[in-house]
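One letter stands for each residue in the lines below.
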Amino acid sequence: MTPHPWHPHLFLRQWIEDQRGRRNQQYEHKILFLRPNASARACYRDLRICRIRNLKYLKHLHAFVGLFPKDYPSSAFRNHPALFQIEEDIDVQIFIPVKGKVTPKAQVVPWGIRRIGAEKAWSTTQGKGVRVAVLDTGIAYDHPDLHNNVKGGVNILNPLLPPYDHNGHGTHVAGTIGAVNNQFGVVGVAPRVDLYAVKAFNKDGTAKLSDIIKAIDWCIGNGIQIINMSFGFNEPSASFREAIARAHQAGIIMIAASGNKGTRGRLEYPAQFEETIAVSSINEQDQISKFSTIGPNIDLAAPGEKITSTWLNDSFRELSGTSMAVAHVSGVAALMLSRYPNLTPQQLSYMLRRSATRLKDSSSFAQGFGVVNASVLAERAVGE
């Protein structure tokens, strides 16, 4: 058998020897992507030799995350033949929404649902059987407006605990995508969709990029069809770019918020990536929201201001942000995929764009192809 060709150079060997018996070593997360045909087993062995802790192999992304000693000479590992790239972990924040009033519990159809024509599509499709992951702070899955539609999930932060939401953001997003039509509270865009709570953000709305990448790997392995991404950050990440590309290759539709900074130019990541569908926000007057980040990579616009949806403790709340806009598009994507289950991500993206309704007084930088439109499903059904 041909021996594995990589060996630690002399400096690294000396460093390993110096670590023996050392206490109070500080560690930091790193993310490693392997080359397509590389052996994960051989790479795992070499990482263990180098004293890397808490190693986790992400099977569907062919990547590792782990804790490296802070004084570890990373350059010594960069020439490993199995390694595609190595990158330090970073913090990621959900897009903090503008909080509004708490609403009464008698069922209402939020204005955003009406604006995109979701009600018109329900006689044809309600999203049944489509698996949508809310990659967020979790979901309050015992909420009476969500309980029947939340089919599972994972707590990336602590796999031994359920993916319950202690922040509220994920629950609000989930309600706009798929709150049940039950004469109580609100109703979502796709009221019979299958929701999955993928908890990568803590109660403060912060996540590690490595945890988001773990969440994407989980989505690939569990047959998720749509990922709702209501978060972002400014700096490009090669590891995140690779995770998004591999999820896209696996056939997952990823819908992302443009950002809440109200700037014009570069969108936040992952909305900036071409594999995602980037969404900006509009208000009830069909104007682009002042907080909405806009730029040449915007694909669609959707309602994002004063959106009423589900909240913690069986309650409801009004929020504003591009997070809310993304949820409307994820819901419409679920309606379309339920109606036409054989659509590829490229075909679904094309259908979303072609069916959008343009705003007269807004540029393509602000709205992309226009406001997402579900009513086209009812119109097509009549002609079929």
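Every chain's residues receive numbers from 1 upward, in the order its sequence appears when written. Only residues with pLDDT of at least 70 get local features here, since the model is predicted, and only at 80 or more are side-chain atom pairs given and counted; chain-wide, interface and lining totals rely on the full set of residues. With hydrogens and water stripped out, all remaining heavy atoms of the structure feed into the side-chain values.

Topic: the sheet that holds strand β3 (residues 63–69)
And step 1. Spatial strand order, β2-β3-β1-β4: four strands in an open sheet with antiparallel pairing. Each edge of the open sheet carries a strand with a single partner, namely β2 (53–58) and β4 (83–88). Sheet twist, expressed as the mean angle between neighbouring strand axes with direction ignored, is 20°.
And step 2. Of the pairings in the sheet, the one linking strand β1 (residues 27–34) to β3 comprises seven bridges and is antiparallel in character. Only strands joined by at least two bridges in the DSSP assignment are considered to pair. Per the convention used, a helix needs a DSSP run of H or I reaching at least four residues, while a strand needs a run of E reaching at least two, with both numbered from the N terminus. To obtain each axis, a line is fitted to C-alpha atoms, and for helices this fit is confined to the stretch in contact; angles are then taken between N-to-C directions over 0 to 180 degrees.

Brief notes about the packing of helix α5 (residues 169–178) against helix α8 (residues 322–339)
And step 1. Viewed as axis vectors pointing N to C, α5 and α8 meet at an angle of 35°, and their least axial separation amounts to 8 Å. In the packing of α5 onto α8, the handedness of the crossing is right-handed. Residue-level contacts link His169, His172, Val173, Thr176 and Ile177 of α5 to Ser323, Met324, Ala327, His328, Ser330 and Gly331 of α8.
And step 2. Just so you know the grouping, Ala, Val, Leu, Ile, Met, Phe, Trp, Tyr, Cys and Pro go in nonpolar, Asp, Glu, Lys and Arg go in charged, and all remaining residues, Gly too, go in polar. When its residues are assigned to classes, the contact of α5 with α8 shows four nonpolar, seven polar and no charged. Helix crossings get a hand from a simple test, with the near helix turned counterclockwise from the far one by less than a right angle marking a left-handed crossing and a clockwise turn marking a right-handed one. Contact between two residues is taken to exist if any of their heavy atoms lie within 4.5 Å; hydrogens are not considered.

As for the layout of surface pockets
Using a probe with the size of a water molecule, rolled over the atoms, empty space left in the structure can be pinpointed.
And step 1. Here the term cavity refers to a set of points on a 1 Å grid, laid over the protein atoms alone, in which a 1.4 Å probe fits but cannot get out; the term pocket refers to an open set having protein on both sides within 12 Å along at least five of seven lines, with lining residues being those that place an atom within 4 Å of a point. Grid points are joined across faces, edges and corners, and a volume is the space filled by probe spheres set on the points. Within this model, the largest pocket holds a volume of roughly 150 Å³.
And step 2. Lining of the largest pocket is provided by Lys56, Tyr57, Leu58, Lys59, Val154, Asn155, Ile156, Pro159, Lys214, Asp217 and Trp218.
And step 3. Of all the secondary structure elements, the ones that give two or more residues to the lining of the largest pocket are β2, β8 (150–155) and α6 (209–221).
And step 4. Class assignment of the residues belonging to the lining of the largest pocket gives a composition of six nonpolar, one polar and four charged.

Let's talk about the pairing of β8
And step 1. Of the pairings in the sheet, the one linking β8 to strand β9 (residues 194–199) comprises five bridges and is parallel in character. Residue pairing for β9: Val154 is matched across the bridge by Val198.
And step 2. Handedness of a crossover is defined as follows: with both strands directed away from the viewer, a clockwise route from the first strand across the helix to the second makes it right-handed. Once you follow β8 into α5 and on to β9, the crossover reads as left-handed.

Concerning the pairing of strand β7 (residues 131–136)
And step 1. For each residue, the accessible area found with a 1.4 Å probe, counting protein chains only, is set against the maximum for its type, and the residue is called buried under 20%, exposed over 50%, and partly exposed in between. Burial of β7 is extensive: five of the six residues sit out of reach of the surface.
And step 2. Where β7 and β9 come together, six bridges link them in parallel fashion. For Arg131, the partnering residue across the bridge sits in β9 and is Asp194.
And step 3. As paired strands, β7 and strand β11 (residues 226–229) are joined by four bridges and run parallel to one another. Residue pairing in the sheet places Val132 in a bridge with Ile226 of β11.

Some points on the packing of aromatic side chains
And step 1. Two aromatic rings, drawn from Phe, Tyr or Trp (for Trp, its six-membered ring), form a pair once their centres lie within 6.5 Å of each other, and the interplanar angle then sorts them: stacked below 30 degrees, edge-to-face above 60, tilted otherwise. Counted according to the given criterion, the structure contains nine aromatic pairs.
And step 2. Taking 5.2 Å as the distance between ring centres and 45° as the angle between the ring planes, the aromatic pair formed by Phe201 and Phe231 counts as tilted. Taken together, the positions of Phe201 in the loop between β9 and β10 (206–208) and Phe231 in strand β12 (residues 231–232) put the pair 30 residues apart, joining distant regions of the chain.
And step 3. Ring geometry for Phe233 against Tyr269: centres 6.4 Å apart, planes inclined by 35°, an arrangement best described as tilted. Taken as a pair, Phe233 in the loop between β12 and α7 (238–249) and Tyr269 in the loop between β13 (253–257) and β14 (276–282) lie far apart in primary sequence, 36 residues in all.

Looking at the confidence of the model for the chain
And step 1. Values of pLDDT, ranging from 0 to 100, describe the predictor's confidence in every residue of the model. Averaged over the chain, the pLDDT score is 89; the fraction of residues at 70 or greater is 88%.
And step 2. Low pLDDT (under 50) marks residues 8–12, which in the prediction has eight contacts with non-local residues, meaning those over four places away or in another chain.

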